[in-house]
Every structure is written in C-alpha cells, then in structure tokens.
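Structural description and commentary
Chain residues, written in single-letter form:
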Amino acid sequence: LNTSLFSWFYYEILENKLSTFFIPHHNVILRCENCVMKSVIDKFGMKIKTTSLDADTFRTTVKVCAGPTFYRWVFGAGGKIVIESPIETRNEYREMLQNALNQL
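Residues numbered from 1 in each chain as written. Predicted model: local features only at pLDDT ≥ 70, side-chain atom pairs only at ≥ 80, totals over all residues. Heavy atoms only, no water.

Of regular secondary structure, the chain possesses four helices and four strands. Element order for the chain, N to C, with α for helix and β for strand: α-β-α-β-β-α-β-α. Within the chain, the fraction of its 104 residues that count as buried is 25%. Pairs at least 24 apart in sequence give 63% of the contacts found in the chain among residues at least 6 apart. Here the chain displays about 7,300 Å² of accessible surface, and carbon together with sulfur accounts for 59% of that area. (Helix = DSSP H or I, 4+ residues; strand = E, 2+ residues; numbered from the N terminus. Buried < 20%, exposed > 50% of the residue type's maximum accessible area, 1.4 Å probe, protein only. Contact = heavy atoms within 4.5 Å. Areas by Shrake-Rupley, 256 points an atom, 1.4 Å probe, with all protein chains shown as cover.)

Laid out in structure tokens, this is it:
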C-alpha cells in the first residue's frame, strides 16, 4: 500500500470528513490577524461572525473538532491565529507544540 495514499486517505477522509459525524465539536474562540481572513473563511465558511479588535486583528468563534487537523491549520498560520479559549483546547495545542519541540 502506498503510504502517501494511505496518509491522504486517513487525514482527508477519516479525520476530516468522518469526524464531523463521530467526534464531538465545540466552540473555539480565535484571535486572528486580518491577513488570515481568507484562510478562516476558506476553513469555516462565509457565515462566520467576526469582531474587529483593532486595525490589525479580529476575533471569531468557530465550531471545531479540536485535534491534529485543526492544530495543523492553526500552526500553518505562523502565529497569526491564536486559540483564546476554551483553555483545554489551548493547552492541548500547547502540549502538541511542546512535544514536537522536544523531538528536535
């Protein structure tokens, strides 16, 4: 079995699609720089509500399955998206980052 095909299948189908039905979702508050607005809309859709915090940042509440796929997306923003709450989600993301750093 081609491992890259298996990886794609696992992450795209099992984790992203099936998690919608089987894994609980909860509201997460994100603080984002304006430059990532397109990425946030691409991920969560045009119907998200945002609140401007200042000239450079906004806040939004999104319903997510907090797990590796979501955390990879946050990490991919290069610090321009911050998980504000719930604290459990923030701490889980921090732990995942620390585990990765410990491997270096």
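Let's shift gears to the nonpolar core. Ranked by internal contacts, the top residues of the largest apolar core, which has 18 residues, are Leu30, Val40, Phe70, Ile81 and Ile83. Secondary structure elements with two or more residues in this core: strand 1 (26-33), strand 3 (57-64), helix 3 (68-76) and strand 4 (81-85). For Ile83, the contacting residues outside a window of four places in its chain are Val28, Ile29, Leu30, Phe70, Tyr71, Val74, Thr89, Arg90 and Tyr93. (Core = buried A, V, L, I, M, F, W, Y, C linked by side-chain atoms within 4.5 Å.)

What follows concerns the pattern of salt bridges. Inspection of every chain in the model, using the stated rule, returns three salt bridges. Between Arg31 and Glu84 there is a salt bridge, with the nearest N and O atoms lying 2.7 Å from each other. Here Glu84 lies in strand 4 and Arg31 lies in strand 1, a separation of 53 residues in the sequence. On the accessibility criterion, Arg31 (32% relative accessible area) is partly exposed. For the salt bridge of Lys38 with Asp42, the shortest nitrogen-to-oxygen distance reads 3.0 Å. In this pair, Lys38 and Asp42 both sit in helix 2 (residues 37-44), four residues apart, roughly one turn of the helix. Taking relative accessible area as the criterion, Asp42 reaches 56% and is therefore assigned exposed. (Salt bridge = Lys/Arg side-chain N within 4 Å of Asp/Glu carboxyl O.)

This part takes up the packing of aromatic side chains. The full count for this structure, using the stated rule, is four aromatic pairs. Relative to Tyr71, the ring of Phe70 has its centre 5.7 Å away and its plane inclined at 55°; by these criteria the two rings are tilted. Take Phe70 and Tyr71: they sit in the same class, and that class is buried. (Phe/Tyr/Trp six-rings, centres within 6.5 Å; stacked < 30°, edge-to-face > 60°.)

These figures come from the coordinates and say nothing about function on their own.
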